[in-house]
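# Structure at a glance
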Amino acid sequence: MNLVGNIINGYMFLEVLGSGQYGVVYKVEKDGNVYAAKLFYEHVLLKEFKNENNRITREVEVLKKANSKYLVKYYDDFMIKNEAGVKAYFVIMELCEGDSLTDYLKKNSLSLDEKVNLFKEILVGINDLHHSTEEGILHRDIKPDNIIIKKDNSVKIVDYGFAKMIDFTSITNTGDQIGSPIFMSPEQFRDSKHIDPRADIYSLGVVFYYMLTGNYPYEANTIEELIYKLNSTPIIPPTRYNKEIPHKYEKIIYKLLAKKLHLRYQKIEKILEDIENNAIEEFIFENYFYPWCINEKTVMQNYLKEKADIKVIFPIHMKTSQQTLYSMVCSSELKAIVDPSTHRLSYDIFNNVGGLKSLKYAPTEGIITLDNLRDISFRTKYISDWYDEMKDFEEIILPYQYISNSNYTKDCLEGWVQSGIQLINEACNFLYDKGSKQKKYAMIALDINHLVYDKDMILSYYSSIETDGIFVQVSGIKTINKLQLGVYVNFIKELQLATNTRVIALKVPVPLGLYLLSLGIHGFSCGISALEYFDEEFINKDRKAFNIYAKYYFKELLTLATYSRSEAYQLSPAYDYLEKCNCPYCKGRNFIDIAAEKNQTISLHFLHCLCEEIEILNGIVDPDEKIAYYKNRIESAINKYNNLIKSGGLKKNDQYDLLQIIYSNM
Ligand code: ATP
Ligand code: MG
């Protein structure tokens, strides 16, 4: 039925402006004024609106109260019955000529600022709508087709409130393409009747995402796939489509599109504030060294006398074999961030590693696979079991997996990253629901080559993390080359910048850790003069296979030199050449004597030296000065090394190579 040429209720129907899912829009004229008339047929309406004639009028009465220059004005409404007895409802509204936002974006190539300004007007318009009446009006169908950009480039939002009256199940979607649903919030899919302004805020997020990327946050071919992804996978990071998107807007998008209502923006004013706020507070984090503590009970008991507030990292699977240490952690006598050691559970060997099997979340059969992690019911149980082990500690690391295990292939790298993010988000939600006040840290564990292969993809996911800190442990640093080091350092730097959260490089050799700190990274961690590197081999093979030697920290070389106790004399030339250590533990004594001591002097000496290094770094306020200071340190260490090598006092080794590589990256 084409109404052009007819006069209905005094309105002359002039032309069809277009049609959508549930109606046709005409240009009409009455008393010399032109309007747009939106027509709905009865069959698209919800039962309650069909049954009661004036209900739709009452609804439109409310919508008429909306008043904002960004909202199309609704003026009138009426119902007619045609000859066949079919009821048709009309809403007469302000006519706005222009392009829909979809067409406008296609026709004009806008700068980032222009897009953001447009989005700000849309935000103000929806905010006006939400504050229109005492109860507020929800739009319920925000999408680029319902935003008109007029000839003078001003924004008009149309179709607000109509979705409340429409029975979407009656609308047969002919095309396979997903149109409108992609803009709908997860809760709107679940129960469209009981939504609040945050559902509109979600849709605004999809609009903003679309404006900045030309794409949508989920890739889905069917509604079922969309609903699944909406509820259980992270969004495709917007920077994957457009690398130029400033981090600030990426963050805003993540918060607009949060699945959980409590994590989403609660108020439009706050979105506007965050957009306006150009100088996002960039934190400068104090430097810190976190000893990786596995069995150093006596060392820590002694060291606490020097530094009572030292904070260590403690892997939970040591709780059975290191009961004293564990009880020190439990009683907070020793402050610790507790690591759930979950990454080890993806390896067959975990059954042989003491303490792992008895963890509540350790699989009783097989290992943890990517397929497990993709399964929401698996994750739910995994997280709740993890929590049972973690609930009594003040500071905890969320469950994590080492990206890849024996059946890893490159094409599932993104899958591992996604499931890593899911674990983090879902564990955070779990803690929130429990009302937990614990400090929570995320952990990223991967191989250096994953970063070389796809650093930006990995970063685009992890930049959404919102925790109290993020640990990064990277396998393959022992044999790192120049290219890899560059990528690694940039990854850590960009991660801290993007998340504005403390980043801690876990299990890195001292000169690399201190280098990161000099660049402004918050912290690093390594074993207390024992295990310095993180290597997949350590979790992949039986730990007994690794002969962990004692190490003496040579401050001037920034190096932990390895020796077996009985052969300490081998390091004497270096010791004789360098300054004697006057720390409270070495007290300038002969190196051979220190090495022979069984009272962990070498470990205490190491902790003391490291904390001294940190103090110096924290004492330098100017970032450039900090870098310059450390460059000098490296340079002098390399010189001393060279002299020692020349005189035959030391052989070239990994540590020496690392210093060279770091220096070449400076
Ligand atoms: P949906 O049915 O999901 O809202 P849609 O927005 O594409 O989809 P309609 O709302 O029926 O479809 O709108 C059809 C066309 O009429 C669109 O091109 C829209 O830009 C235009 N239109 C809607 N309202 C007005 C108005 N007040 N003034 C001028 N044109 C309008
Ligand atoms: Mg519309």
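Because the structure is a prediction, the values reported are computed rather than measured.

## With respect to the sheet that holds strand β7 (residues 98-100)
Here we have 3 strands laid out as an open sheet, ordered β7-β8-β9, and antiparallel in their pairing. At either end of the open sheet lies a strand with only one pairing partner, and these are β7 and β9 (155-157). For this sheet, the mean inter-axis angle between neighbouring strands, taken without regard to orientation, is 30°. Both β7 and strand β8 (residues 147-150) contribute to a ladder of 3 bridges, which runs antiparallel. Bridged to Gly-98 within β8 is Lys-150. Its contacts with the sheet place helix α4 (residues 112-130) against β8 and β9, and it is angled at close to 40° to β9.

## Things to note about the domain arrangement of the protein
The domains assigned to the protein are domain 1 (7-94), domain 2 (98-276), domain 3 (288-441 + 508-532) and domain 4 (546-665). A straight line from the C-alpha centre of domain 3 to that of domain 4 covers 28 Å. At the junction of the two partners, domain 3 supplies 28 residues and domain 4 supplies 30 residues. Roughly 2500 Å² of surface becomes buried between domain 3 and domain 4 when both sides are summed, with 73% attributable to carbon and sulfur atoms. Counting every contact that joins domain 3 to domain 4 gives 0 salt bridges.

## Quick notes on the site of ligand 1
Around ligand 1, a shell composed of 21 residues is seen, among which Gln-21, Lys-38, Lys-143, Asn-146 and Asp-159 lie nearest. Between an oxygen atom of ligand 1 and a side-chain N or O atom of Asn-146, the distance comes to 2.9 Å. The separation between an oxygen atom of ligand 1 and a polar side-chain atom of Asp-159 is 2.7 Å. Burial of ligand 1 by the surrounding chains reaches 87%, relative to a free accessible area of 610 Å². Secondary structure elements with two or more residues in the shell around ligand 1: β2 (11-19), β4 (33-41) and β6 (87-94). Its residues placed into classes, the shell around ligand 1 shows 9 nonpolar, 6 polar and 6 charged.

## Let's talk about the packing of aromatic side chains
The full count for this structure, using the stated rule, is 30 aromatic pairs. Centroid distance Tyr-210 to Tyr-216: 5.4 Å. Interplanar angle 15°. Geometry classified as stacked. Between Tyr-288 and Tyr-290 the ring centres are 4.6 Å apart and the planes differ by 50°, which places this aromatic pair in the tilted class. A relative accessible area of 4% places Tyr-290 in the buried class. An aromatic cluster of three or more residues is present, and its members are Tyr-11, Phe-13, Tyr-26, Tyr-35, Tyr-75, Phe-78 and Phe-90. Note that Arg-55 overlies the ring of Phe-49, its terminal NZ or CZ placed 4.7 Å from the centroid. The ring centre of Tyr-265 lies 4.8 Å from the NZ or CZ of Lys-255, which sits over that ring.

## Re the pairing of β4
Judged from the 7 bridges that link them, strand β3 (residues 24-30) and β4 form a sheet pairing that is antiparallel. Across the sheet, the residue bridging to Val-24 is Leu-39, located in β4. Taken together, β3 and the strand that follows it, β4, pair antiparallel across an intervening segment of 2 residues, in which Asp-31 is found at a positive phi of about 50°. Direction of pairing for β4 relative to β6: antiparallel, over a ladder of 7 bridges. Bridge assignment links Ala-36 to a residue of β6, and that residue is Met-93.

## Some thoughts on the environment of Gly-5
Locating Gly-5 in the fold gives a position in the segment before β1 (7-8). Separated by 550 residues in the primary sequence, Gly-5 and Lys-555 place their C-alpha atoms 92 Å from one another.

## Examining the sheet that holds strand β5 (residues 74-81)
Spatially, the 6 strands line up as an open sheet ordered β1-β2-β3-β4-β6-β5, and their pairing is antiparallel. Both edges of this open sheet fall to β1 and β5, since each of them pairs with a single strand only.

## Here we look at the confidence of the model for the protein
Of all residues in the protein, 92% attain a pLDDT of 70 or more, and the chain-wide mean is 89. No element of the protein has a lower mean pLDDT than helix α18 (residues 536-540), at 64, and none a higher one than strand β13 (residues 395-397), at 98. A low-confidence stretch, residues 174-178 (pLDDT under 50), is modelled with 6 contacts involving residues beyond four sequence positions or located in other chains.

Rules of the game
- Residues numbered from 1 in each chain as written.
- Chains lettered and ligands numbered in written order.
- Predicted model: local features only at pLDDT ≥ 70, side-chain atom pairs only at ≥ 80, totals over all residues.
- Heavy atoms only, no water.
- Pairing = 2+ DSSP bridges.
- Helix = DSSP H or I, 4+ residues; strand = E, 2+ residues; numbered from the N terminus.
- Axes fitted to C-alpha atoms, helices over the stretch in contact; angles between N-to-C directions.
- Contact = heavy atoms within 4.5 Å.
- Domains from an automatic or database assignment.
- Buried area = accessible area lost by both parts, 1.4 Å probe.
- Salt bridge = Lys/Arg side-chain N within 4 Å of Asp/Glu carboxyl O.
- Near = heavy atom within 4 Å.
- Polar contact = N/O pair within 3.5 Å; in protein donor to acceptor, adjacent residues only side chain to side chain.
- Areas by Shrake-Rupley, 256 points an atom, 1.4 Å probe, with all protein chains shown as cover.
- Nonpolar A, V, L, I, M, F, W, Y, C, P; charged D, E, K, R; others polar.
- Phe/Tyr/Trp six-rings, centres within 6.5 Å; stacked < 30°, edge-to-face > 60°.
- Buried < 20%, exposed > 50% of the residue type's maximum accessible area, 1.4 Å probe, protein only.
- Lys NZ or Arg CZ within 6 Å of the ring centre and 35° of its normal.
- pLDDT = per-residue confidence, 0-100.

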